[in-house]
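One-letter residues, chain by chain:
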Amino acid sequence: MAGGRFIFLGPPGAGKGTQAVRLAEQFGIPHISTGEILRNAVRDGTELGTVAKGFMDRGELVPDEVVAGVVADRLTESDCETGYLLDGFPRTLAQARALEQRTGGDVGRVVYFELSEEEVVVRLTGRRTCPSCGENCHVKYLPPKIEGKCDKCGTALIQRSDDTEETVLERLRVYREQTGDLVGYYGDRKVLTKVSASGAPTEVYDALNRAIGRE
Ligand code: AP5
């Protein structure tokens, strides 16, 4: 099957990115992670990166108009013609409304990944990321084959600057205050599907496929 529109919603560290990579490949659609776009902009020292860096380092959201503009531009690219998977966008009601305007109201399926805050802290403080190819692993749950090295490209793994316990707790607070309302917003529109994000990645992926009607 090819094509489709998906939004992945859920607390930081719920495993949205991990699942998004697989589902986007299965559907032949681009995986659009606003976090990744912003991190790349910071790494490359662009104007966007300069604006975003302080917000990201503090665990706060980058202003709506900045992120909505980035996504609007990305959705005009030709690879989005048959669909896309949005990972980490929208994150506020203002972003949700901006997306609806852009898509004429057809936002597709919204998948909400549920995970306890205790587990979020364990997953994020143990996450290690490849600064070269973006691959993620986890020191305990998904350890790399060679300690400290990316399985895909061999680059030395790093800890994301916003994955310290202090910043993770702030990201959770921001999520509760600014993103939590989207669950009700999309629930009311009957486009929301809940998936338990606890369990091994393959179990979550099976639950995700069941939830979107693909056994
Ligand atoms: P972003 O990069 O979007 O971060 P996030 O939503 O906080 O999500 P994460 O990437 O941290 O987690 P994830 O759910 O993808 O989990 P993952 O699969 O990696 O945003 C970062 C920042 O950018 C924001 O704080 C904000 O400043 C800014 N930003 C981004 N979008 C924005 C927007 N729309 N508006 C405003 N600002 C925005 O998994 C986590 C770990 O767990 C990994 O180590 C993984 O290996 C492991 N893991 C995954 N699944 C499992 C499993 N089933 N079992 C065990 N371990 C698992």
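Residues numbered from 1 in each chain as written. Predicted model: local features only at pLDDT ≥ 70, side-chain atom pairs only at ≥ 80, totals over all residues. Heavy atoms only, no water.

1. Here's the deal with helix α7 (residues 165–179)
Right, on to step 1. Spanning 15 residues, α7 covers 20 Å between terminal C-alpha atoms, matching the ideal 21 Å at 1.5 Å per step.
Right, on to step 2. Taken together, the buried positions of α7 are occupied by Thr-167, Val-168, Arg-171, Leu-172, Val-174, Tyr-175 and Thr-179. Along the long axis of α7, the arc covered by the buried residues comes to 165 degrees, so they all point the same way. Residues of α7 that are exposed and point over 90 degrees away from its buried face: Glu-166 and Glu-177. (Helix = DSSP H or I, 4+ residues; strand = E, 2+ residues; numbered from the N terminus. Expected span 1.5 Å × (residues − 1). Buried < 20%, exposed > 50% of the residue type's maximum accessible area, 1.4 Å probe, protein only. Arc of directions from axis to C-beta.)

2. Describing the site of the ligand
Right, on to step 1. Near the ligand you find 35 residues, and of these Thr-18, Glu-60, Arg-91, Arg-127 and Arg-171 are the closest.
Right, on to step 2. One of the side-chain nitrogen or oxygen atoms of Arg-39 is found 2.9 Å away from an oxygen atom of the ligand.
Right, on to step 3. In the complex, the protein chains occlude 97% of the 1,000 Å² of accessible area that the ligand would expose alone.
Right, on to step 4. Among the elements of the structure, α1 (16–27), α2 (34–44), α6 (117–125), β6 (136–138) and α9 (201–211) are those that each provide at least two residues to the shell around the ligand.
Right, on to step 5. If you tally residues by element for the shell around the ligand, the top one is α2, at four residues.
Right, on to step 6. Partitioned by chemical class, the residues of the shell around the ligand number 15 nonpolar, eleven polar and nine charged. (Near = heavy atom within 4 Å. Polar contact = N/O pair within 3.5 Å; in protein donor to acceptor, adjacent residues only side chain to side chain. Areas by Shrake-Rupley, 256 points an atom, 1.4 Å probe, with all protein chains shown as cover. Nonpolar A, V, L, I, M, F, W, Y, C, P; charged D, E, K, R; others polar.)

3. Topic: the packing of α6 against α7
Right, on to step 1. Where α6 contacts α7, the two axes come as close as 10 Å, and the packing angle between them is 135 degrees. Looking at the two axes, α6 sits oblique to α7. The two elements α6 and α7 cross, and the hand of that crossing is right-handed. Together, Glu-117, Val-120, Val-121, Leu-124 and Thr-125 of α6 and Glu-165, Val-168, Leu-169, Arg-171, Leu-172 and Arg-176 of α7 make up the contact between the two elements.
Right, on to step 2. Residue composition of the contact of α6 with α7, by class: six nonpolar, one polar and four charged. (Axes fitted to C-alpha atoms, helices over the stretch in contact; angles between N-to-C directions. Parallel < 35°, antiparallel > 145°, perpendicular 65-115°, else oblique. Left-handed = near helix turned anticlockwise from the far one by under 90°. Contact = heavy atoms within 4.5 Å.)

4. Comments concerning the environment of Arg-176
Right, on to step 1. With respect to the secondary-structure elements, Arg-176 resides in helix α7.
Right, on to step 2. Relative accessible area serves as the criterion here: at 47%, Arg-176 is assigned to the partly exposed category.

5. Considering helix α8 (residues 181–188)
Right, on to step 1. Within α8 the residues assigned to the buried category are Leu-182, Val-183, Tyr-185 and Tyr-186. Burial along α8 is one-sided: seen end-on, the buried residues are contained in an arc of 165 degrees.
Right, on to step 2. Buried residues in α8 make contact with β1 (4–9), α5 (93–103), β4 (109–114), α7 and β7 (192–196).

6. Overview of the packing of α5 against α8
Right, on to step 1. Their axes nearest at 10 Å, the elements α5 and α8 cross at an angle of 35 degrees. Side by side, α5 and α8 meet where Leu-93, Ala-96, Arg-97 and Glu-100 of the first sit next to Leu-182, Tyr-185 and Tyr-186 of the second.
Right, on to step 2. Within the contact of α5 with α8, the residues separate by chemical class into five nonpolar, no polar and two charged.

7. Topic: the packing of aromatic side chains
Right, on to step 1. As enumerated under the stated definition, the model contains three aromatic pairs in all.
Right, on to step 2. Between the aromatic rings of Phe-6 and Phe-27, the centroid separation amounts to 5.0 Å while the plane-to-plane angle is 70 degrees, which identifies the pairing as edge-to-face. Note that Phe-6 is positioned in strand β1 and Phe-27 in helix α1, a separation of 21 residues in sequence.
Right, on to step 3. Take Phe-6: its relative accessible area is 5%, and that puts it in the buried class.
Right, on to step 4. Seen from their ring centres, Tyr-185 and Tyr-186 are 5.2 Å apart, and the 80 degrees between their planes marks the pair as edge-to-face.
Right, on to step 5. Of the residues examined, Tyr-185 reaches a relative accessible area of 10% and is grouped as buried.
Right, on to step 6. Accessibility expressed as a relative area gives 0% for Tyr-186, which makes it buried.
Right, on to step 7. The ring of Tyr-205 has Arg-22 sitting right over it, with the charged end atom 4.0 Å from the ring centre.
Right, on to step 8. Against the face of Phe-55 rests Arg-58, its NZ or CZ located 5.4 Å from the ring centre. (Phe/Tyr/Trp six-rings, centres within 6.5 Å; stacked < 30°, edge-to-face > 60°. Lys NZ or Arg CZ within 6 Å of the ring centre and 35° of its normal.)

8. Overview of the sheet that holds β7
Right, on to step 1. Taken together, five strands build an open sheet; the order of strands is β2-β3-β1-β4-β7 and the sheet is parallel. Among the strands making up the open sheet, the edge pair consists of β2 (31–33) and β7. Pairwise comparison of adjacent strand axes, ignoring direction, gives a mean angle of 20 degrees for this sheet.
Right, on to step 2. Note that β4 and β7 share five bridges and pair parallel. The residue of β7 that forms the bridge with Val-111 is Thr-193.
Right, on to step 3. Here α1 sits on the sheet and contacts β1, β2, β3 (83–87) and β4; the angle it forms with β1, its principal contact strand, is near 175 degrees. (Pairing = 2+ DSSP bridges.)

Distances and angles like these do not, on their own, reveal function.
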